[in-house]
Amino acid sequence: MENPFIYGVATHGDCFTDREKETERLKMNFTHGINTMIISPRRWGKTSLVNRVAELLADNDKVKVVRMDTFSCRTEEDFYKLFATEIIKQTSNKVEQWIIDAKHFLSNLVPHLTMSTDPGSEISFSLEAINNKYTSDVLTLPERIAKEKGFSVVVCIDEFQQIADFRHSMSFQKKLRSVWQLQQNTSYCLFGSKRHILMGMFGKPSFPFYRFGDLMFLERIPVSYWTTYIQKRFETTGKHISAELCEKLCEYVESNSSYVQQLAWLIWTFTTDTATDQSFELAKEEIMRQNHVLFQKYIDELSSYQISMMRAIANGHSTDLSTKNVIEEYNLASTANVASMRKSLEARELIEVSAKSYTISDPLFAKWICKNV
Ligand SMILES: Nc1ncnc2c1ncn2[C@@H]1O[C@H](COP(=O)(O)OP(=O)(O)OP(=O)(O)O)[C@@H](O)[C@H]1O
Ligand SMILES: [Mg+2]
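Our subject in this report is the structure included herewith.

Things to note about helix α8 (residues 223-236)
Helical geometry note: an α-helix holds 3.6 residues per turn, so side chains three or four residues apart project in the same direction. Taking 1.5 Å of rise per residue, 14 residues should cover 20 Å, and α8 covers 20 Å from first to last C-alpha, within 8% of that figure. If you check which residues of α8 are buried, you get W226, T227, Y229, I230, R233 and F234. Residues of α8 that are buried in the fold lie against α9 (243-252) and α10 (257-269). Just past α8, the residue G238 takes up positive phi, approximately 75°.

A look at the site of ligand 1
In the vicinity of ligand 1, 23 residues are found, and the nearest of them are I6, V9, R42, S48 and Q261. Contact distances for ligand 1 include 3.2 Å between an oxygen atom and a backbone N or O atom of S258. In this structure, Q261 approaches ligand 1 through a side-chain N or O atom, which is 2.7 Å from a nitrogen atom. Out of a free accessible area of 630 Å², ligand 1 has 98% covered by protein chains.

Considering the sheet that holds strand β2 (residues 63-69)
Sheet architecture is open: five strands sit in the order β2-β5-β6-β1-β7, paired in parallel fashion. Looking at which strands have only one partner, the edges of the open sheet turn out to be β2 and β7 (214-217). Within the sheet, the average angular offset between the axes of one strand and its neighbour, ignoring direction, is 15°. Here four bridges tie strand β1 (residues 36-39) to β7, and the two strands are oriented parallel to one another. By the bridge assignment for β7, I38 is matched with M216. Each of β1, β2, β5 (152-158), β6 (186-191) and β7 is contacted by helix α2 (residues 46-56), which is oriented at about 155° to β6, the strand it contacts most.

Remarks on the pattern of salt bridges
Per the counting criterion, the structure on display carries eleven salt bridges. E22 serves as the salt-bridge partner of R19, at 3.2 Å between the closest nitrogen and oxygen. Per residue, the accessibility class of R19 equals that of E22, and both read buried. For E281, the salt bridge goes to K284, with nearest N and O atoms at 3.3 Å.

What about the state of the cysteines?
Under the defined criterion, the tally for this structure stands at zero disulfides. Not part of a disulfide, C156 finds its nearest cysteine sulfur in C189, a span of 4.6 Å. Left unpaired, C250 is separated from the closest cysteine sulfur, that of C246, by 6.9 Å.

Analysis parameters
Residues numbered from 1 in each chain as written. Chains lettered and ligands numbered in written order. Predicted model: local features only at pLDDT ≥ 70, side-chain atom pairs only at ≥ 80, totals over all residues. Heavy atoms only, no water. Helix = DSSP H or I, 4+ residues; strand = E, 2+ residues; numbered from the N terminus. Expected span 1.5 Å × (residues − 1). Buried < 20%, exposed > 50% of the residue type's maximum accessible area, 1.4 Å probe, protein only. Contact = heavy atoms within 4.5 Å. Near = heavy atom within 4 Å. Polar contact = N/O pair within 3.5 Å; in protein donor to acceptor, adjacent residues only side chain to side chain. Areas by Shrake-Rupley, 256 points an atom, 1.4 Å probe, with all protein chains shown as cover. Pairing = 2+ DSSP bridges. Axes fitted to C-alpha atoms, helices over the stretch in contact; angles between N-to-C directions. Salt bridge = Lys/Arg side-chain N within 4 Å of Asp/Glu carboxyl O. Disulfide = S-S within 2.5 Å.

Remember, this is a structural readout, not a statement about activity or role.
Here's what the structure looks like:
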């Protein structure tokens, strides 16, 4: 039987809910050539949303959506190689055409094609520069293909924050922007999992990608959608769950998309016919048990001051952290110390700060801290 819930990887098909407005907006941007940057806390559904829109446009001959993930790129050269390879591969679905296009558009790159003898296994294709020397004609590739083939191209780059770690990252970002902003038939959708870094790259005037396009902040999926979704997934497998229990579930994980699916799945496994409060309690214990080692690891990597600050935030001190009382109660030393810890905890993506209000990024981690630290 198909798993009724998906978590841990981007979701799709029947396991995708809501995001109607965002889907429409992104589809509009894709079809009208508007650049988009997507920001949200971790695991709220950026990758799933982009995949959804790409699937919706799969049959549209006028727009080719190319998706790539720069997670494993460590250098500019890695980026160029991935960029060139994916654009050639995803703007045509015929293997013979990849070779023709590669020769035509990027004559200085060498195509590598490997075919396994195993039936059903994928053909591996990549493009590489001799001596690892790439030129900026790689960056104009989508535009040249778009013009010649008569469609527009949307390049979606996941884990885009990776490029902030490259050597000479600022000049690389400048180069990307200066080439990309002149393209008329190609647009870009940039997003990733490190919200803090991306906020800097897209939101600070001194950064090259400032005001590059439509900056889209994903909101939480509303509880009403989750309730309908969870009930439906239970029903399709012959089980039941009340709307009230779905609401409690969402509240427990603060509607974090991934945790909603994970907790719903755990409740489902503890349910034979209709979910009960007891199945909910067992599922909560189980989700904490599954995350325990990871949470312990996060804590082990922190200094005792940082741990105290995490405890203070987890215990609800979101806006009064720098007050004398809280600094004394949690032994945070000084306001200057709070400010410097803010920076390091934000950089580790463990906390989020907006409008001077502090929250622990992961709602389960916050609960775990209250109980275990
Ligand atoms: N629209 C949706 N409907 C149902 N579940 C969703 C949806 N979007 C996300 N999820 C759930 O959240 C999980 C994480 O989704 P996804 O990987 O798309 O998030 P992300 O924001 O890209 O995460 P990261 O910040 O780690 O890159 C999915 O596995 C799924 O369980
Ligand atoms: Mg993602």
